[in-house]
Amino acid sequence: MKKILLLLIMVLLVSCSPLAQTEVAGNVDLNDLQPLPTPAGHEVVPLRVAVAAVISPEGTVQSYSPFLTYLEEKLNRPVELVQRRTYLEVNDLIEHGEVDIAFVCTSAYVEGHDTFGMELLVAPQVNGKTTYNSLLIVPSLSSAQSMADLRGKVFAFTDPISLSGRVYPTYLVHELGSTPEEYFARTFFTYSHDEALRAVASGVADGAAVDSLVYEFAMERDPSLAGKVRVIHRSPDFGIPPVVISPLARPQLKVDLQSLLLGMANDPNAQAALASIGVESFVLIEDNAYDGVRELLGVIPIPAAP
Amino acid sequence: MNLQLLFRRIWNLAGAVSVRTKILGIILGLVALLGTGVTIQARYALRATMTAQLEEQSISVARDLAARSTDPILLNDLLGLHDLLEETIANNPNIRYAFLVDSRGQVIAHTFEGGFPLDLIYLNSVQSGEHHDTALIQTKEGFVWDTAVPILDGKVGMARIGLSAASMQATLSALTAQLLLTTLLVSLTGVLVAVLLTWILTRPIISLAHATQAVARGDFSPRVPRWANDEIGDLAEAFNQMTEQLSRTDELRKERETLRRQLLEKVITTQEDERRRIARELHDSTSQNLTSLIVGLRMMETHCAQCAAQTKATDLRQVASKTLDEVHDLSMRLRPRVLDDLGLAAALERLVSEWQARNKIPVDVAMQLGERLPGEVETAIYRIVQETLTNIARHAQAKSASILVERRGAVVRTIVEDDGVGFDVDTNHGERHLGLLGMRERAELLNGRLTIESSTEHGTCIFIEIPLQGEKTRVAA
C-alpha cells in the first residue's frame with residue numbers, strides 16, 4: 001500500500017516539474033542588468049544612401065536591396081540604407097552630410113537645391129523618359145471623372161512636400177478656386193505613394209494623387225490593384241525625382257558615383273538591380289529640367305520645414 | 001518470494017484491523033487514488049494545453065511585434081519602437097521582456113530598465129527564411145519561452161520576446177491545490193460515509209455475535225433482528241432458525257434427561273426397597289427359622305445322647321449355623337439394617353471392618369458427619385463406597401486404602417483412596433466402567449459430582465461431593 005502511494009506521489013512530483021519534454025536552451029539572470037555595449041564603429045565608413053519615402057519603408061528595403069548590394073560590390077565598401085518618414089527629414093540629412101547620396105522627390109530637390117545647394121547626381125530614366133506625371137486616382141467603382149467631382153470627398157495626400165502627391169492636386173483644387181481644406185471633407189497624409197494607392201484601393205480615401213512611376217511599378221508588382229483603382233487625370237510632365245548628392249560630399253565621390261551609375265545600363269550584372277527599382281538607366285540631368293516644377297511651386301508653395 | 005512476503009504482510013495487516021478500519025481504508029483509499037489520478041491527469045492535460053497556448057501566444061505576439069516594428073526601425077523612429085514595446089508588454093501580461101535587434105546584432109530597443117542582461121542576446125536567434133524560433137530559457141524567476149522572429153526576413157533585424165511560464169505554473173499550482181483540497185473534502189465526507197456504512201454493516205454482525213455468545217451459554221432465547229434484506233439479513237434469519245431448532249432440541253433433551261433421571265431414581269429406589277425387603281425377610285423370617293432349626297437340633301443333641309443320630313444332628317446344626325451366617329452376610333450386603341437404624345457412619349464402619357476381614361487390606365477410615373444425613377445421601381455414599389471397595393478388592397492390588405467422609409457446610413465430601421495399580425480413567429468400556437458410571441449417576445442424581453484420578457504410581461482416588469440443600473431442587477422420585 002505504502003509503495004503504491006509512494007509511486008503515486010513520485011508520479012505527481014514528476015508531473016509537477018516543468019516542461020520536462022522541452023530542452024532548456026540556457027540559463028540567464030533577467031535581473032542582472034548591464035549597460036549595452038556601444039556599437040562598434042565601422043571599420044570602413046559606409047556609403048549612406050537615403051531613399052525618400054516614395055513607397056513604404058518596407059517596400060523600399062525590398063526594392064533597393066539589389067541596387068544597394070550592387071553598389072557595395074562595385075565600391076567595395078558597405079552601403080547603408082537610411083529612411084525617414086518625411087521628405088524634409090531626408091533633405092535635412094543631405095544638408096548636414098549625414099547621408100552621401102539620396103533618392104529624393106522632385107519638389108524636395110527643388111526645395112533642397114534652392115535652400116542649401118543640393119546637387120544633382122543623375123536622374124533615372126524610365127520608359128525612355130526622365131519625366132513623370134502625377135496621376136489622379138479614384139476607386140474603380142467611383143463615378144468621379146475629374147477633380148471637380150471630388151468635392152466634399154476624402155482625399156489622401158502622400159507627403160506634405162511631394163510634388164505629385166500634394167502640390168499638384170492642391171494646384172488642381174486651386175484652379176477650381178478653393179483650398180484642399182475647404183474643398184475636401186477630409187484630407188490625410190500617407191507619407192508614401194504606395195500607401196496612398198492602397199488607401200484608394202481599399203476605399204479609405206475617395207481620391208489621391210500618386211507618382212506615375214510608383215503607380216506603374218505597383219501595377220506591375222500587384223496586377224490585382226488595376227481592378228481596384230482608376231486614373232481620371234494625368235498631369236503634364238514633370239522632371240523625374242533625381243538622385244542627389246550632399247553638398248558636403250567629396251567631389252571625387254561625386255565623380256566616381258556618377259560614372260558608376262551611368263555605367264549601370266551597360267553592365268549585365270546591374271540589370272536586376274535596376275529592374276528592382278524600376279529604372280532603365282541613369283542619365284545626367286540639368287537643373288533646368290525642373291524649372292516647370294519651380295513654376296508650380298511658385299503657385300503652391302510647399303510648407304516650411306518644421 | 002519477496003512479493004509473497006509483502007502480500008502476506010498486507011494480508012496480516014488487513015486481517016488485524018476491524019471491519020470499520022477496513023471500510024474506512026477502502027473508501028479513503030479509493031478517494032485518494034481517484035483524487036491523485038484525476039489531479040495528475042488534469043495537471044498533465046492542462047499543462048499540455050497551456051504550454052501549446054503559451055507557445056502559440058509567444059509566436060503570435062512576436063510576429064506581430066516584428067511586423068509592427070519594421071517601419072519604425074527603418075525610419076529610425078526610436079520613440080515609436082519604445083512605445084511599441086511598452087504597448088506589447090502592457091497588452092500581454094505574460095510577457096516578461098521584449099527587445100529588438102538590428103541586422104548587425106545591436107539591441108536597438110528593449111523593455112528592461114536601466115540595463116540589459118547581455119547573456120540573453122545569444123540564447124536564441126533566428127535565421128533569415130525561418131518563420132520563428134522558440135527556445136526555453138531558465139531564469140531565476142522560472143522558465144521563459146523566448147521566441148525570435150525575423151523582421152523583414154532578417155534584413156532589418158529580429159524581434160525577441162520572452163513569455164514567462166510563471167502564470168502557467170501558478171495556474172497549475174492553483175488547480176492542483178484545488179483538486180487536492182477537493183480530494184481532502186471528499187475524504188472527510190468519505191470518513192462520515194464510512195462511519196455510517198460501518199454502523200449499518202457491523203450492527204447486525206455485533207448483534208449476531210452477542211446472540212451467538214448467549215447460545216454458547218445455553219440461552220436460546222435471543223433473536224437477531226433482520227436489519228436489511230441483504231446477505232447479513234439472510235444470515236440473521238438462518239441464525240434465528242438455527243437457535244429455534246436448537247432450543248427445541250434442547251427442550252426435548254431436557255425432557256428426556258428428566259425422564260431418564262426419574263427412571264433411574266425409580267430404579268434405584270425400587271432396588272433399595274427390594275433389597276431392604278429381601279434383607280428384612282432374610283433376617284426376620286429365614287434367620288428366625290434357621291435359628292429355630294439350630295435350637296431344635298441342639299436340643300436333639302442334648303436330649304438323646306444315646307441316640308445314634310447324635311453325630312448326625314451335630315453335623316446338621318453346624319450346616320444350619322453356617323447357612324445362618326451366610327444369610328446374615330447376604331442380608332447385610334443387600335441392605336445393612338445398620339444403615340437405616342444407626343446411620344452412615346456406623347454402616348460404613350461395619351462395611352469396612354467386614355471388608356478388611358475378608359480381604360486382609362488395612363483401611364483407614366475418618367468420618368466427621370455430626371447429625372444424620374438425608375436417607376438418599378446416606379444410601380448413595382454408602383453404595384459408592386461399597387462399589388469402590390469392591391473394585392479395589394477386585395482390580396487394584398492395593399496394599400492399603402483410606403476413606404474420608406466429612407460434612408463441610410452444606411456439602412458432604414467423600415474421598416476413597418488406594419495405593420494400587422490404578423487404571424486408565426478415559427477407558428469407557430468394560431465392567432469397571434459400568435460400575436463407575438453407576439457411581440457417577442448416583443452422585444449426579446443428587447446434584448453431586450464424582451471425580452476420579454488414577455495413575456500407576458499413585459493409585460486411584462475417587463472424590464465425591466454432594467450438596468445437601470440440593471435435594472430440594474432435585475426431581476422427586
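An account of the accompanying structure is given in this report. All figures in this text were calculated on a predicted structure; none of them were measured in a lab.

### Brief notes about the overall build of chain B
Reasoning step 1: A count of helical and extended segments in chain B gives eleven helices and ten strands.
Reasoning step 2: By the burial criterion, 26% of the 477 residues in chain B qualify as buried.
Reasoning step 3: Taking all contacts inside chain B whose residues are at least 6 apart in sequence as the whole, residues at least 24 apart take part in 64%.

### A short note on the sheet that holds strand β6 (residues 363–368) of chain B
All names here are of chain B.
Reasoning step 1: Within the open sheet, the five strands sit side by side as β6-β7-β8-β10-β9. Their pairing is mixed. Every interior strand has two partners, whereas the edge strands, β6 and β9 (449–455), have only one. Taken over all neighbouring pairs, the strand axes of this sheet differ in orientation by 10° on average, direction set aside.
Reasoning step 2: Pairing of β6 with strand β7 (residues 401–408) involves six bridges; the strand directions are parallel. Note that in β7 the partner of V363 across the bridge is A401.
Reasoning step 3: Set on the sheet, helix α8 (residues 344–359) makes contact with β6 and β7; between it and β6 the angle comes to about 180°.

### A few points about the interface of chain A and chain B
Reasoning step 1: Counting from both sides, the interface comprises 30 residues of chain A and, opposite them, 39 residues of chain B.
Reasoning step 2: If you list the elements that add at least two residues to the side of chain A that touches chain B, you get α1 (2–16), β1 (24–28) and α2 (57–75) of chain A.
Reasoning step 3: If one sorts the elements of the side of chain A that touches chain B by residue count, β1(A) sits on top with five residues.
Reasoning step 4: A breakdown of the residues in the side of chain A that touches chain B according to their chemical character gives 16 nonpolar, eight polar and six charged.
Reasoning step 5: With four bridges connecting them, β1(A) and strand β3 (residues 133–139) of chain B associate as parallel partners. Opposite A:N27, over in β3(B), you have B:Q138 as the bridge partner.

### Some words on the sheet that holds β1(A)
Reasoning step 1: An order of β1(A)-β3(B)-β4(B)-β5(B)-β1(B)-β2(B) is seen for the six strands of this open sheet, with the pairing classed as mixed. Two strands bound the open sheet, and with one partner strand each, they are β1 of chain A together with β2 (107–110) of chain B. With strand direction ignored, the average angle separating the axes of adjacent strands in the sheet is 25°.
Reasoning step 2: Sheet topology places strand β4 (residues 142–151) of chain B next to strand β5 (residues 157–164) of chain B; eight bridges connect them, and they run antiparallel. Directly across from B:T147, in β5(B), lies its bridge partner B:I161.
Reasoning step 3: Against the sheet, helix α2 (residues 19–74) of chain B contacts β1 (95–102), β2, β3, β4 and β5 of chain B, and its axis sits at roughly 40° relative to β4(B).

### A word on the nonpolar core
Reasoning step 1: Formed by 124 residues in total, the largest nonpolar core has its most connected members in A:A52, A:A102, A:V104, A:V200, A:A208 and A:V244.
Reasoning step 2: B:I381, B:Y382, B:L389 and B:V405 belong to the second-largest nonpolar core, a separate cluster that totals 29 residues.

### Brief notes about the packing of α2(B) against helix α4 (residues 166–217) of chain B
Helix packing for two helices is described by the angle between their axes and how far apart those axes are.
All names here are of chain B.
Reasoning step 1: One can describe the packing of α2 onto α4 by two numbers: an axis separation of 8 Å at closest approach and a directional angle of 160°. By the angle between their directions, the pair α2 and α4 is classed as roughly antiparallel. In this structure, the crossing between α2 and α4 has a hand that is right-handed.
Reasoning step 2: Residue classes in the contact of α2 with α4 are distributed as 23 nonpolar, nine polar and three charged.

### Observations concerning the pairing of β6(B)
Each regular strand shows side chains that alternate between the opposite faces of the sheet.
Reasoning step 1: Among the six residues of β6(B), zero are classified as buried, and the element is accordingly described as predominantly exposed.
Reasoning step 2: Read as a crossover between parallel neighbours, the route from β6(B) over helix α9 (residues 375–396) of chain B to β7(B) is left-handed.

### Overview of the packing of helix α4 (residues 106–116) of chain A against helix α11 (residues 291–299) of chain A
Residues and elements named next belong to chain A.
Reasoning step 1: Running from N to C, α4 and α11 cross one another at 85°; their axes reach a closest spacing of 10 Å. Compared by their axis directions, α4 and α11 come out roughly perpendicular. Each of T106, S107 and V110 in α4 lies in contact with α11, whose residues at this interface are V293, R294 and L297.
Reasoning step 2: For the contact of α4 with α11, a count of residues per class yields three nonpolar, two polar and one charged.

### A look at unusual backbone geometry
All names here are of chain B.
Reasoning step 1: Positive phi is not limited to glycine here, since N76 has a value of about 60°.
Reasoning step 2: One non-glycine residue, L152, lies in the positive phi region at around 50°.
Reasoning step 3: By the secondary structure assignment, L152 is in the loop between β4 and β5.
Reasoning step 4: When the 22 C-beta atoms within 10 Å are taken as the criterion, L152 is described as buried.

### Some points on α9(B)
Reasoning step 1: Taking 1.5 Å per residue as the helical rise, α9(B) with its 22 residues ought to reach 32 Å, and the 30 Å between its terminal C-alpha atoms agrees with that figure.
Reasoning step 2: Phi turns positive, to about 50°, at B:Q397, one or two residues after α9(B).

Quick notes on the rules
- Residues numbered from 1 in each chain as written.
- Chains lettered and ligands numbered in written order.
- Predicted model: local features only at pLDDT ≥ 70, side-chain atom pairs only at ≥ 80, totals over all residues.
- Helix = DSSP H or I, 4+ residues; strand = E, 2+ residues; numbered from the N terminus.
- Buried ≥ 20, exposed ≤ 12 C-beta atoms within 10 Å, placed from the backbone.
- Contact = placed C-beta atoms within 7 Å.
- Pairing = 2+ DSSP bridges.
- Axes fitted to C-alpha atoms, helices over the stretch in contact; angles between N-to-C directions.
- Nonpolar A, V, L, I, M, F, W, Y, C, P; charged D, E, K, R; others polar.
- Core = buried A, V, L, I, M, F, W, Y, C linked by C-beta atoms within 7 Å.
- Parallel < 35°, antiparallel > 145°, perpendicular 65-115°, else oblique.
- Left-handed = near helix turned anticlockwise from the far one by under 90°.
- Right-handed = clockwise from strand over helix to strand, strands pointing away.
- Expected span 1.5 Å × (residues − 1).

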